[in-house]
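Letter by letter, the chains look like this.
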Amino acid sequence: MDLDLIMRTTQFLGEAALMTLALTAGSLVLGILAAGAIVVARLSRWTAVRALVAAYVSVMRGTPLLVQLFVLYFGGPQIGLTLSPFAAGVVTFGLNIAAYMSEGLRGAILSVDKGQTEAARTLGFGRLATMFHFILPQCAALMIRSLGVNAVILIKGTALISTIGVVDLTYSAQRIMTSSSQPFEVFGIAAAYYMLIVFGLTRIMRLAERRFALPDEARA
Amino acid sequence: MMTPMVELKGLRKVFGRLEVLRGIDMSVDKGQILSLIGPSGSGKSTLLRSVNLLETPTGGEVWLDGTRVNADLKGLAYERHVNGLRREMQMVFQQFNLFPHLTVMQNLTIGPMKLLGLSKAEAEARGEELLCKVGLAEKALAYPARLSGGQKQRVAIARALAMRPKVMLFDEVTSALDPELVDEVNAVMKDLAAEHITMLIVTHEMRFAAEVTDWAVFMDEGMVVEEGPPDRLFSDPEHPRTRSFLRKHLGA
Amino acid sequence: MNLDFSVVPPFAGALAIGALWTILITALAGAISLIVGIGLALARIYAPGWIRALLAVPVFIILGTPLLLQLFLVYYGLSQLGLRLPAFFTGVVGLGLHYAVYNADILRAAILSVEQGQYEAGRALGFGRGATLRHFVLPQALYRALPQIGNNILVLLKDSVLVSAIGIMELVLSAQLAISRTFRPFEFYISVAAIFYLINLALEWALARITRRTEAMR
């Protein structure tokens, strides 16, 4: 095993990991915001809005992420939308994961018993106040858990950015694999970085989940 | 003539092709305690839920103390109107529907604080008084998950009372309870009856209805078949459908 | 805005062939993911501790890293080991193994969910350990796991485009060939997306049908 290669690869991939991290962070923020908007739109009283958003979620989930990225990045200029590869990645990954996240958030809201809404409405609380005081506190932890699962999927999905030339972990790892003829070592180092990011994010999410969990005595 | 506390005029409710309420007229005076009885699927729960608009009536009118409940408003104005009126008529559910993320005391104070503008101290004073009344003062800091079904339902009644409503609606409040827990809930309701709070009670417990209420309404297939003072209705029903229903339920 | 979808029909044949490759890759990788998934699930329940510990490492890595990176490893790694295999083979196997890990998770839970009474009934009839597993426990577990495995196959269908990165012919690659001649990426990638959406719908429909038919057997 070539120790020098391992040292250099570790350093080189470390820089690429920062790119993966930045891409993940950007997509995650966009994704969570968009997912929230989708959930609100799906609760709308206008059928047309609900149908439109349902169609959006269906298309995002029914077509490959890579194709979505190519449509935006390569096809975008044709419709007057020229984005840098990084921006195209953040937009595609964010809007894609938002579709999945919105399903999780919606599921969490629907998991709260219908009687809770009825009880709150009976007391005289409005729709928004019911959501805010009674439904969200009961499903926040579940929401965060499902966001966390999707965030991990997102991290791994950002590898697709390498196909449009952004120097992220996967792009760098592939380049060294071709040139160094030590694919296993290179993969091992890249994998370690990925798992470090996954681990870090999972920890943060778990802390957040615990922060919003109901007290033990409140659970049946 | 006194304005009725609750008045229904030609109330109709249709679910798809199913007509659950077929034109109900009913009037409940202030302080009156009325029981709604009838076989399951007769529409009695839907009627109760239409009074506070958990179900939106398909047709007809609902009045509360001289105000039209299902007013002809749209959007936000309707929301505000309904939210305001609902505060004045509280419902107790078969499944309790206590808020599991709040303590017993918080369940009682959240409505008065957020909706009636009471201070925390005022709301808690009111809450304590009501918890004493239902015999659960020592459970103020417990979460609902730690209570028995009977205790949960007593808290639910206290939560509703904390809003100081004009009318209390009870929707089969003892149906989900183990038999040995029914009495403690019935006792609380009897106390309320003695205070002459206006109550509409959907129940299948004929004995309780006979003992506590002063007017009984028998419903079947979405219509009022027969009504009267419970003594008279239970001992000498006029309609054959009432008779066969009572035979099944009082025979035991 | 400069769009002209009339450039697409002349390449309909090429796209159709690409779509057939995509379906073939999905079918083969799906089969591998199911068979290896069953083996992996059984091993994770019944194998001796040291084998289970050994298996945990690749499982951990496969769950924690991108599929694309794993495909690169299989592609470059096998040739490094002196195994000159066709790219198609490495791509399909890589894809299949990746989803085998996800299927194994579901199958493991499904196997454990089969009641102890089923084992006892099988053994009481006189079947051996393996035969009881094969005839009574596994079929029930499979039926129970079917909805989630179907879900994984749907995800696999969409992830099958990644093998284009190691030069395997499928829908995205056939579109790229057309784009290199027409310089019309938007029209062709939208068409590819539409074709995927249709394949996805058809597969979803078929899986829902199978799931419904086997509902009684769970």
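Calculation criteria
- Residues numbered from 1 in each chain as written.
- Chains lettered and ligands numbered in written order.
- Predicted model: local features only at pLDDT ≥ 70, side-chain atom pairs only at ≥ 80, totals over all residues.
- Helix = DSSP H or I, 4+ residues; strand = E, 2+ residues; numbered from the N terminus.
- Buried ≥ 20, exposed ≤ 12 C-beta atoms within 10 Å, placed from the backbone.
- UniProt positions renumbered as here; feature names shortened; annotations may be inferred.
- Pairing = 2+ DSSP bridges.
- Contact = placed C-beta atoms within 7 Å.
- Axes fitted to C-alpha atoms, helices over the stretch in contact; angles between N-to-C directions.
- Nonpolar A, V, L, I, M, F, W, Y, C, P; charged D, E, K, R; others polar.
- Expected span 1.5 Å × (residues − 1).
- Arc of directions from axis to C-beta.

Q: Explain the overall build of chain A to me, using residue names and the numbers behind them.
A: Along the backbone of chain A there are eight helices and zero strands. In chain A, the succession of helices and strands from N to C terminus is α-α-α-α-α-α-α-α. Taking the principal axes of its C-alpha atoms as reference, chain A extends roughly 70 × 50 × 20 Å. In chain A, which comprises 220 residues, the share counted as buried stands at 42%.

Q: Account for the UniProt feature "transmembrane region" (unreviewed entry) in chain C, with residues named and values stated.
A: Residue and element names in this part refer to chain C. Following the UniProt record, the feature "transmembrane region" (unreviewed entry) maps to residues 12-42, 54-77, 83-102, 161-180 and 186-208 here. What you have in residues 12-42 is 100% helix and 0% strand, and the ends, taken at the C-alpha atoms, are 44 Å apart. What you have in residues 83-102 is 80% helix and 0% strand, and the ends, taken at the C-alpha atoms, are 27 Å apart.

Q: How would you explain the sheet that holds strand β1 (residues 6-15) of chain B if you had to name every residue and give the values?
A: Residue and element names in this part refer to chain B. Read across the sheet, four strands follow the order β2-β1-β4-β5 without closing on themselves; strand pairing throughout is antiparallel. Bordering the open sheet on either side are β2 (18-28) and β5 (67-68), each of which pairs with just one other strand. In this structure, β1 lies alongside β2, joined through eight bridges in antiparallel fashion. Along β2, the bridge assignment pairs L11 with I24. Sitting on the sheet, helix α1 (residues 44-51) touches β1, β2 and β4 (59-64), and the angle it makes with β2 is about 60°.

Q: Explain the interface of chain A and chain B to me, and be specific about the residues and the numbers.
A: Reports often express the size of an interface as the amount of accessible area lost when the parts come together. Facing 21 residues of chain A, the contacting portion of chain B comprises 22 residues. Counting only elements with at least two residues in the side of chain A that touches chain B, the list comes to α5 (114-123) and α6 (127-157) of chain A. With seven residues, α5(A) is the single largest residue contributor to the side of chain A that touches chain B. Within the side of chain A that touches chain B, the residues separate by chemical class into nine nonpolar, seven polar and five charged.

Q: How would you summarise the pairing of strand β3 (residues 33-37) of chain B if you had to cite specific residues and measurements?
A: Residues and elements named next belong to chain B. Counting buried residues in β3 gives five out of five residues, a clear majority hidden from the surface. Across the two faces of β3 the burial is the same, with I33, S35 and I37 and L34 and L36 all buried. Two elements, β3 and strand β8 (residues 198-202), share four bridges in a ladder whose sense is parallel. Among the inter-strand pairings, L34 is bridged to a residue of β8, identified as L200.

Q: Outline helix α2 (residues 75-86) of chain B, listing residues and values.
A: The end-to-end C-alpha distance of α2(B) is 17 Å, a good match for the 16 Å that 12 residues give at a rise of 1.5 Å each. For α2(B), the set of buried residues is V82(B), L85(B) and R86(B). Angularly, the buried residues of α2(B) cover 95° about the axis, an arc narrow enough to put them on a single face. Structural note: α2(B) exposes L76(B), A77(B), R80(B) and G84(B) on the side pointing more than 90 degrees away from its buried face. The secondary structure elements touched by the buried residues of α2(B) are α5 of chain A together with β4, β5 and β6 (89-92) of chain B.

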